[in-house]
Amino acid sequence: MRRRQLFTVAAATMAAPSIGTSARAQSFPAKPIRILIPYAPGGTSDILARLMQPHLQAALGQSVVVENRTGANGNIAVDMVAKSAPDGYTLVLTDLGNLTISPSVMKLPFDVAKDFNAVTVLAYTPHLLAAAPDRPYKTAAELIAFAKANPDKLNYATAGLGSAPHLAGALFAHSLGLKITFIPMKGGAEAIQQVAGGHADALFNGMIATLPHVKSGKLRGLAVSSATRNELAPELPTVIEAAGIKDFVTGSWQGFLAAKGTPPEVLERLYVEIDKTTKIPEVAARLKELGAEPVLYKPAQSDTWRAREVENWAKVVKDTGIKLE
């Protein structure tokens, strides 16, 4: 997890393939498609789904309905997809980082490795480390100094226990020997609200949802969790720079999943249309504005990536000793 390589797949293999000629692919979709979002409106997954929804609807010729189904650290919506008919009509768009962490920290009603077919890993965005603007620390170094001088007094709002932002904070604290308290929320949007309102001290959260609040002054940006500085916030150092944590790279890996057994032709059709949507100029421009870096792995590549990430996160959980009460 700490030594991520965002683009290890050759560019040629990432090119959108042509749509298959089977009758099943040609007839899909024949009814509305649901995209389930495991978190409340305003989070990264929700923003991406609503950005893409009208374009996917036009391309597929059927209604595409975005539904927020919150609860259980996002696992209610994911479980609904696992138990849905394997026909491509019920999808989930979620932070796959969260999902690949879950097997290591909690008992799940589904099997991450066996119950899904990936459609695509859609995009990567780094986490932002941000703080409430009225707190005394104005830089990451000052936050670290405060935490060391005041053990257990610093708290972090998280998008949920066991989520990728939670593990990013846990890894940050573990690497620096800090004692901090994690406060679980129902999603990234609520975590932002708690910190912006001064009810929590700081957070790690996806850049898409968090950067606008940094730009508006509701949050104070301290660092980004990518390998290099981000062009949307070049004034913010990386965590590697600011904290001296070697190879600290975390973030939000958004992707679409369908139920296991979904026909390959259907997965391919969905992948092709999603890929095309990200290349529509207004969508591409908006993704860039949000700091989302398109990935667009093919279905089989996405499944391989997901299996590898489960192993990476398991190591982080073991190293940090994190346990969910």
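Above this note sits the structure.
Residues numbered from 1 in each chain as written. Predicted model: local features only at pLDDT ≥ 70, side-chain atom pairs only at ≥ 80, totals over all residues. Heavy atoms only, no water.

**Q** Got a sec to walk through the side chain of S226? Specific residues and values, please.
**A** Counting through the fold element by element, S226 comes out in the loop between strand 8 (220-224) and helix 9 (239-243). By relative accessible area, which is 9% here, S226 ends up buried. Among the polar contacts listed, one links the side chain of S226 to the backbone oxygen of T228, at a separation of 2.7 Å. Setting aside chain neighbours within four positions, we find S226 in contact with Y124, P126, T238, I240, F248 and V249. (Helix = DSSP H or I, 4+ residues; strand = E, 2+ residues; numbered from the N terminus. Buried < 20%, exposed > 50% of the residue type's maximum accessible area, 1.4 Å probe, protein only. Polar contact = N/O pair within 3.5 Å; in protein donor to acceptor, adjacent residues only side chain to side chain. Contact = heavy atoms within 4.5 Å.)

**Q** Tell me about the pattern of salt bridges, residues and numbers included.
**A** Should their charged atoms come close, side chains of opposite charge can pair. Under the defined criterion, the tally for this structure stands at twelve salt bridges. With its nearest N and O atoms 2.8 Å apart, the salt bridge here joins D46 to R50. Here R50 and D46 lie together in helix 2 (residues 44-60), a separation of four residues that amounts to about one turn. Between E273 and R269 there is a salt bridge, and its shortest N-O distance comes to 3.3 Å. (Salt bridge = Lys/Arg side-chain N within 4 Å of Asp/Glu carboxyl O.)

**Q** Please set out the nonpolar core residue by residue, giving values where relevant.
**A** Counting 33 residues, the largest nonpolar core has L129, L143, Y156, F172, L178, F204 and V239 as its most contacted members. Those residues in contact with L129 that sit more than four places away from it in its chain are A140, Y156, F172, L203, F204, R220, G221, L222 and A223. (Core = buried A, V, L, I, M, F, W, Y, C linked by side-chain atoms within 4.5 Å.)

**Q** So what's going on with the environment of I144? Which residues, and what values?
**A** Within the secondary structure layout, I144 lies in helix 5 (residues 140-149). Along the primary structure I144 and V92 are separated by 52 residues, whereas in three dimensions their C-alpha atoms are 37 Å apart.

**Q** Provide a residue-level description of the packing of aromatic side chains, including the pertinent values.
**A** One pass over the full model with this rule turns up ten aromatic pairs. The interplanar angle of 55° and the centroid separation of 5.8 Å between the aromatic rings of Y156 and F182 together place this pair among those described as tilted. One end of the pair, Y156, is in strand 5 (residues 154-158); the other, F182, is in strand 6 (residues 180-184), and 26 residues separate them in sequence. Judged by centre distance (6.2 Å) and plane angle (15°), the ring pair of Y156 and F204 falls under stacked. Within this pair, whereas Y156 is found in strand 5, its partner F204 is found in strand 7 (residues 202-206), the two being separated by 48 residues in sequence. Each member of the aromatic cluster is reached from another via a ring pair, and the members are Y156, F172, F182, F204 and F248. Taking NZ or CZ as reference, K31 lies 4.8 Å from the ring centre of Y89, over its face. (Phe/Tyr/Trp six-rings, centres within 6.5 Å; stacked < 30°, edge-to-face > 60°. Lys NZ or Arg CZ within 6 Å of the ring centre and 35° of its normal.)

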